[in-house]
Amino acid sequence: MRYTYLDLMEEVLRAEKREMTLREIWELAEKRGYSKKLMSVGKTPVNTMNACIRKHIASAKNVKFKQTSKRPALYYLNN
């Protein structure tokens, strides 16, 4: 099974148990080595994460995440 940006975000949020911005999530993922599990990482991983999470929230049947604040955009697990 492929490890996706959504998996990475879920793993960080489960470990931290708090609302976080995408930049905070990415920085912790790099620090803890989660980013190495991804198949590829482009020049703007935070932008990629933003696109993935917005698409997921808009279209998934079982939404894993919720946006708890707009400015700054904070995310947390939806369960």
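Quick look at the structure, then. (Residues numbered from 1 in each chain as written. Predicted model: local features only at pLDDT ≥ 70, side-chain atom pairs only at ≥ 80, totals over all residues. Heavy atoms only, no water.)

The next subject is the environment of Arg 71. In this fold, Arg 71 is placed in the loop between strand S1 (65-70) and strand S2 (73-77). Note: C-alpha distance between Arg 71 and Thr 21 (50 residues apart in sequence) is 9.7 Å. (Helix = DSSP H or I, 4+ residues; strand = E, 2+ residues; numbered from the N terminus.)

Looking now at the environment of Lys 64. Here Lys 64 is to be found in the loop between helix H3 (45-59) and S1. With a relative accessible area of 33%, Lys 64 lands in the partly exposed category. Spatially, the C-alpha atoms of Lys 64 and Asp 7 are 10.0 Å apart, while their sequence positions differ by 57 residues. Once you skip the residues sitting within four places of it in the chain, Lys 64 turns out to touch Asp 7, Glu 10, His 56, Tyr 76, Leu 77 and Asn 78. (Buried < 20%, exposed > 50% of the residue type's maximum accessible area, 1.4 Å probe, protein only. Contact = heavy atoms within 4.5 Å.)

A few words on the pattern of salt bridges. What the rule picks out here adds up to five salt bridges. Between Arg 14 and Glu 10 there is a salt bridge, and its shortest N-O distance comes to 3.0 Å. You can see Arg 14 and its partner Glu 10 sitting in helix H1 (residues 5-16), four residues apart, about one turn around the helix. A relative accessible area of 16% places Glu 10 in the buried class. Across the pair Lys 64 and Glu 10 runs a salt bridge whose closest N-O atoms are separated by 3.2 Å. Taken as a pair, Lys 64 in the loop between H3 and S1 and Glu 10 in helix H1 lie far apart in primary sequence, 54 residues in all. Taken together, the salt bridges that share partners define one network made up of Glu 10, Arg 14 and Lys 64. (Salt bridge = Lys/Arg side-chain N within 4 Å of Asp/Glu carboxyl O.)

With that settled, consider the packing of helix H2 (residues 22-32) against H3. Two elements in contact, H2 and H3, have axes whose closest approach is 10 Å; the angle formed by their N-to-C orientations is 120°. What the angle tells us is that H2 and H3 run oblique. Regarding H2 and H3, the two cross each other, and that crossing is right-handed. For the pair H2 and H3, the contacting residues are Leu 22, Arg 23, Ile 25 and Trp 26 in the first and Pro 45, Val 46, Met 49, Asn 50 and Ile 53 in the second. Class assignment of the residues belonging to the contact of H2 with H3 gives a composition of seven nonpolar, one polar and one charged. (Axes fitted to C-alpha atoms, helices over the stretch in contact; angles between N-to-C directions. Parallel < 35°, antiparallel > 145°, perpendicular 65-115°, else oblique. Left-handed = near helix turned anticlockwise from the far one by under 90°. Nonpolar A, V, L, I, M, F, W, Y, C, P; charged D, E, K, R; others polar.)

A few words on the packing of aromatic side chains. Scanning the entire structure with this criterion turns up one aromatic pair. Between Tyr 5 and Trp 26 the ring centres are 6.3 Å apart and the planes differ by 35°, which places this aromatic pair in the tilted class. A residue pair is termed long-range when its members are at least 10 positions apart, and Tyr 5 in helix H1 and Trp 26 in helix H2 qualify at 21 residues. (Phe/Tyr/Trp six-rings, centres within 6.5 Å; stacked < 30°, edge-to-face > 60°.)

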